[in-house]
Amino acid sequence: MSKEQILAEIRRRLRRPQESLQAAQAALEEALQQKVRGPMPALPPDAQGLRERFLAQAERHASCCERIASIEVAPWAVRRFLDARGLPRRAVIWPSLAELDWQGAGVEVAARAAQDADLVGITACFCAIAETGSLMLCSSPQTPATVSLLPPTHIALVPASRIVATMEDAWQLARAELGMLPRAVNFVSGPSRTGDIEQTIVLGAHGPAHVHLLLIESA
Amino acid sequence: MESRAHRFRRNIAEALANPVLQANLSKAKGKFVEKRAQAIQELDDFEATREAAREIRDRVLANLDLWLETFEANARARGATVLWAKDGNEVSRLVVEIAKRHGVKKVVKSKSMLSEEAGLNQALLAAGIEPVETDLGEYILQINGYEPPSHIIAPVVHKSLDEIADLFARTHRTPRKTEIAALTREARQVLREHFLTAEMGVTGGNFLIAETGSVALVTNEGNGRMVTTLPRVHVAITGIEKIVPTLEDLSTLMRLLPRSATGQSISNYVSVLTGTKNPAELDGPEHLYFILVDNGRTRLLGSDYQPMLRCIRCGACMNHCPVYQTIGGQAYGWVYPGPMGSVLTPLLLGLEKAHDLPYAATLCNQCGVVCPVKIPLPELLRNLREEADKRRLRPWRERLALRAWAWIALRPSLYALASRLLVRYLAWLAEGRGGISVLAAAPGWTMGRNFPAPEGETFRTRYRMRKRGP
Ligand code: SF4
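Residues numbered from 1 in each chain as written. Chains lettered and ligands numbered in written order. Predicted model: local features only at pLDDT ≥ 70, side-chain atom pairs only at ≥ 80, totals over all residues. Heavy atoms only, no water.

Attention now moves to the overall build of chain A. Each helix and strand counted, chain A has six helices and 12 strands in total. Taken against the 2.2 N^0.38 rule, which gives 17 Å for 219 residues, the C-alpha radius of gyration of chain A at 22 Å runs more than 25% over that of a compact globule. By principal-axis analysis of the C-alpha atoms, chain A measures approximately 70 × 40 × 40 Å. The proportion of buried residues among the 219 residues of chain A is 54%. About 9,200 Å² of surface is accessible on chain A, with carbon and sulfur atoms providing 52% of the total. One way to put it: in chain A the 22 positive side-chain charges average out to a point 5 Å from where the 23 negative ones average out. (Helix = DSSP H or I, 4+ residues; strand = E, 2+ residues; numbered from the N terminus. Rg over C-alpha atoms; globule rule 2.2 N^0.38 Å. Buried < 20%, exposed > 50% of the residue type's maximum accessible area, 1.4 Å probe, protein only. Areas by Shrake-Rupley, 256 points an atom, 1.4 Å probe, with all protein chains shown as cover. Lys, Arg positive; Asp, Glu negative; His and termini not counted. Charge placed at Lys NZ, Arg CZ, Asp CG, Glu CD.)

Ranked by internal contacts, the top residues of the largest apolar core, which has 115 residues, are Met-136 and Trp-171 of chain A together with Leu-250, Phe-290, Met-308 and Met-340 of chain B. In terms of residues, this core owes the most to one element, helix H13 (residues 247-262) of chain B, which gives seven residues. Among the nonpolar cores identified, the runner-up in size contains 66 residues, and Ala-74, Leu-82, Leu-150 and Val-158 of chain A belong to it. (Core = buried A, V, L, I, M, F, W, Y, C linked by side-chain atoms within 4.5 Å.)

Turning our eyes to something else, we now look at the site of the ligand. Around the ligand lies a shell of 13 residues, among which Cys-311, Cys-314, Gly-315, Cys-317 and Cys-371 of chain B are the nearest. Broken down by class, the residue content of the shell around the ligand amounts to 11 nonpolar, one polar and one charged. (Near = heavy atom within 4 Å. Nonpolar A, V, L, I, M, F, W, Y, C, P; charged D, E, K, R; others polar.)

On to the packing of aromatic side chains. Residue and element names in this part refer to chain B. Across all of its chains, the model carries eight aromatic pairs over all chains by this definition. With a centroid separation of 5.6 Å and an interplanar angle of 45°, the aromatic rings of Phe-8 and Tyr-332 are classed as tilted. Taken together, the positions of Phe-8 in helix H1 (residues 8-16) and Tyr-332 in the loop between helix H15 (322-327) and helix H16 (338-349) put the pair 324 residues apart, joining distant regions of the chain. Of the residues examined, Phe-8 reaches a relative accessible area of 2% and is grouped as buried. When the centroid spacing of 5.9 Å and the interplanar angle of 75° are considered together, the rings of Trp-334 and Tyr-336 count as edge-to-face. What links up through ring pairs into an aromatic cluster is the set Phe-8, Tyr-324 and Tyr-332. (Phe/Tyr/Trp six-rings, centres within 6.5 Å; stacked < 30°, edge-to-face > 60°.)

Residues and elements named next belong to chain A. In this structure, Arg-15 takes a positive phi of about 45° despite not being glycine. Note that Arg-15 resides in the loop between helix H1 (2-14) and helix H2 (18-34). Judged by its relative accessible area of 63%, Arg-15 is exposed. Despite not being glycine, Ala-62 shows a phi value in the positive range, around 75°. By the element assignment, Ala-62 lies in the loop between helix H3 (47-60) and strand E1 (64-68).

Once that is clear, we can look at the packing of helix H19 (residues 396-409) of chain B against helix H20 (residues 412-430) of chain B. Residue and element names in this part refer to chain B. One can describe the packing of H19 onto H20 by two numbers: an axis separation of 7 Å at closest approach and a directional angle of 115°. Counted together, Trp-405, Trp-407, Ile-408 and Ala-409 of H19 and Leu-414, Tyr-415 and Ala-418 of H20 form the full contact between these two elements. Taken together, the residues that form the contact of H19 with H20 break down as seven nonpolar, no polar and no charged. (Axes fitted to C-alpha atoms, helices over the stretch in contact; angles between N-to-C directions. Contact = heavy atoms within 4.5 Å.)

Glancing now at a positive patch on the surface. A cluster of basic residues, Arg-420, Arg-424, Arg-460, Arg-464 and Arg-468 of chain B, forms a positive patch on the protein surface. Here Arg-420 of chain B is to be found in helix H20. (Patch = residues over 30% accessible without salt bridge, like charges linked within 9 Å, V, L, I, M, F, W, Y side chains within 5 Å. Salt bridge = Lys/Arg side-chain N within 4 Å of Asp/Glu carboxyl O.)

Right, let's get into the domain arrangement of chain A. Segmentation of chain A into domains returns domain 1 (1-35) and domain 2 (45-216). In this structure, domain 1 of chain A and domain 2 of chain A have C-alpha centres spaced 41 Å apart. (Domains from an automatic or database assignment.)

Turning our eyes to something else, we now look at the pattern of salt bridges. Scanning all chains against the criterion turns up 48 salt bridges over all chains. Close ionic contact of Glu-42 of chain B with Arg-60 of chain A constitutes a salt bridge, the shortest N to O distance being 3.0 Å. On the criterion of chain membership, the pair formed by Glu-42 of chain B in helix H3 (residues 31-42) and Arg-60 of chain A in helix H3 is interchain, its members lying in two chains. Classification of Glu-42 of chain B as partly exposed rests on a relative accessible area of 38%. Residue Arg-60 of chain A is classed as partly exposed on the basis of its relative accessible area of 47%. Overlapping salt bridges, with partners in common, bring together Glu-51, Arg-54, Asp-58, Arg-310 and Lys-374 of chain B in one network.

Attention now goes to the sheet that holds strand E3 (residues 108-111) of chain A. All names here are of chain A. Spatially, E1-E12-E7-E4-E2-E3 is the arrangement adopted by the six strands of the open sheet, whose pairing is parallel. Where the open sheet ends on each side, the last strands, each with one partner, are E1 and E3. Neighbour to neighbour, the strand axes of the sheet diverge by 25° on average, direction disregarded. Sheet topology note: the strand E4 (residues 120-123)/strand E7 (residues 153-159) ladder contains four bridges and is parallel. Counterpart to Thr-123 in the pairing with E7 is Ala-156. (Pairing = 2+ DSSP bridges.)

Reading across from one edge, E8(A)-E5(A)-E6(A)-E9(A)-E9(B)-E6(B)-E5(B)-E8(B) is the order of the eight strands in this open sheet, with mixed pairing throughout. Looking at which strands have only one partner, the edges of the open sheet turn out to be strand E8 (163-164) of chain A together with strand E8 (243-244) of chain B. Pairing between strand E6 (residues 134-138) of chain A and strand E9 (residues 184-188) of chain A: four bridges, direction antiparallel. Looking across to E9 of chain A, one finds that Cys-138 of chain A is bridged to Val-185 of chain A. Along the sheet, H13 of chain B contacts strand E5 (207-209), strand E6 (214-219), E8 and strand E9 (269-273) of chain B; its crossing angle with E5 of chain B, the most-contacted strand, is approximately 165°.

Accessible area lost on assembly of the parts is the figure often given for the size of an interface. Looking at chain B, the domain boundaries give domain 1 (5-298) and domain 2 (404-468). The centre of domain 1 of chain B, based on its C-alpha atoms, is set 50 Å off from the matching centre of domain 2 of chain B.

Turning to the side chain of Asp-135 of chain B, a few remarks are in order. Position of Asp-135 of chain B relative to the elements: it lies in the loop between strand E3 (130-133) and helix H9 (136-143). No salt bridge forms around the buried Asp-135 of chain B; measuring N to O, its nearest opposite-charge neighbour Lys-111 of chain B is 4.2 Å away. Aside from chain neighbours lying at most four places away, what touches Asp-135 of chain B is Asp-196 of chain A together with Lys-109, Lys-111, Pro-155, Glu-221 and Asn-223 of chain B.

What follows covers the packing of H2 of chain A against helix H5 (residues 64-77) of chain B. One way to put it is that H2 of chain A packs onto H5 of chain B with a least axis distance of 10 Å and a crossing angle of 45°. The angle between the axes of H2 of chain A and H5 of chain B places the two elements in the oblique class. The interaxial crossing formed by H2 of chain A with H5 of chain B has right-handed handedness. Residue-level inspection shows Leu-21, Ala-24, Gln-25, Leu-28, Ala-31 and Leu-32 of chain A of H2 of chain A in contact with H5 of chain B, the latter providing Leu-66, Trp-67 and Thr-70 of chain B. Tallied by class, residues from the contact of H2 of chain A with H5 of chain B come to seven nonpolar, two polar and no charged. (Parallel < 35°, antiparallel > 145°, perpendicular 65-115°, else oblique. Left-handed = near helix turned anticlockwise from the far one by under 90°.)

Turning to the interface of chain A and chain B, a few remarks are in order. In this assembly, 78 residues from chain A lie in contact with 101 residues from chain B. Taken together, the two surfaces of chain A and chain B that pack against each other cover about 7,300 Å², and 56% of this comes from carbon and sulfur. Taken together, the links from chain A to chain B amount to 13 salt bridges. Glu-248 of chain B serves as the salt-bridge partner of Arg-175 of chain A, at 2.9 Å between the closest nitrogen and oxygen. There are 49 residue pairs in polar contact (both at pLDDT 80 or more) connecting chain A and chain B. At the level of secondary structure, the elements contributing two or more residues to the side of chain A that touches chain B comprise H1, H2, H3, helix H6 (167-178), E9 and strand E10 (193-194) of chain A. The biggest single contributor to the side of chain A that touches chain B is H1 of chain A, with 10 residues. Partitioning the side of chain A that touches chain B into residue classes produces 37 nonpolar, 23 polar and 18 charged. Sheet analysis places E9 of chain A next to E9 of chain B, joined by five bridges and oriented antiparallel. When the sheet's bridge partners are listed, Val-185 of chain A is paired in E9 of chain B with Val-272 of chain B. (Buried area = accessible area lost by both parts, 1.4 Å probe. Polar contact = N/O pair within 3.5 Å; in protein donor to acceptor, adjacent residues only side chain to side chain.)

Here's what the structure looks like:
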């Protein structure tokens, strides 16, 4: 078996004395328990500062940002955005957002995984990261991963209260609220891009070409 | 992938004589370097983060067996299958087996240097399975007859827009496009079809996380997400050294990887994938396989070369290498170019098959300074040179010359005499012109530049006169 052979070879090469094996195992367990953080970047200490940092970083990745007052008005903001872009008032949404009054706003939505023909995908996010202006999306039956991936336009609802400072904080939140990691955690920082041809950046490689963030101030 | 590293000298000559390649290389020069420099400045404490990253990687390597077992147990607990492969052939065999088991006809791939090591595409083709590369750069190489990549991050950095425009028109039978955006759109359309119809996705892995049994994938294009979301089966192929202990450690390394690679503060998509789809989920793969690959890596453990296993494949060392900039990546003859390739290729394939590579460096230490995990690349290159000499792999003339030099250098008065004679001889050759245009002993060296003429006195003579005072 290759596994046994590889592990035996590693042990032979490491030449670790038998006594130190236990210590190594203990150190490993401790590292897994302690989850020590590396050097942390200096970030604003207050929620307001983190919000501004998040928006500034998200814009650097070419996401568009818009502030809205509450989650209830999100469908109307979506409609305005679609109209302004000349897009049909139609979108695939996370099932977790099905409760919003899409009908009232006149936006036709389908709550499911995305398909190739969908032009607009609407998601919320598990949380957002101020340091890098990233969204953290967690997959689940209510939050399918394809909705933020297949459609050329991705609209994301970002509650201001869910903005954390760093990726480390995001993991901590996930451990506290979800227990174990979902199948797919995706950190999304702006529209997909490529620089493969002559190092020239083009937006909209395989994923969305537009990412529109609706920052919900009261949530 | 078949290695052409043993014919490195010929590869270099060809690269230098290729005007198209030279034009493309000089166009690309410096872009990554500038962006990286800016991105590093944004980091509050680059050196401390770099030191932390080195420590994380060293900590894993020191007990790699235990970390691998932890990873395997946690990955299994979430429904993944963990397989192990000693070499490239075993990787190919395992992937073909998995494909057959699940009735796979088409495989979409996101960039994986390990699958290049294994020559996986050829193995899939031989088994009647269609591989499709989905990273734009890798796709371009595939439709150009499986051309080898020239960079681990930017595989077609050696190609011009013109060449790619021709290639697309020829392959897709579409009108020739000369805008980069239009070419990208065309590739998006062609590849979208493949994403939707492939039954299996194959990826590499930037990191494996022991704590959770997950693989982390870093991409900008989103192809990594497609390949791991749409097909029924996902196979992640990674080297055994790719483990990091915790999600916190991943976060530290993610501050360095995109900055060192492309100068981004974060890549567009960082995906952390764990286990298989829950039955109630509406998308995601039903089967997840990890293939943990040795392919020569264990040989580095416990040796002087162990630090090389810290490598996180950011490409910064090649972006900063004057030799790489001049000859391009394909000349190195195998999967990994630049300083990291000059160390890794001889170690993984055997020094006898690639003993010219450690000499493809000026030892200027730019690579050592930028490496985010502090790999002492020049030191490792020097070690390999010594070893090549000791194992008598170098040409007899070179060995003889080195021995002769060492013999003289150990005899100070003889050395002084010899250098005095040499300096006079060179000054006579230069005939007061300040430079020598053809050196008989090293004609290749003076082909593109003049050898500066000495001014008639040796350092030692001058030093003595200085001490004596005017
Ligand atoms: S050796 Fe260092 S600089 Fe080069 S690719 Fe590896 S991590 Fe990056």
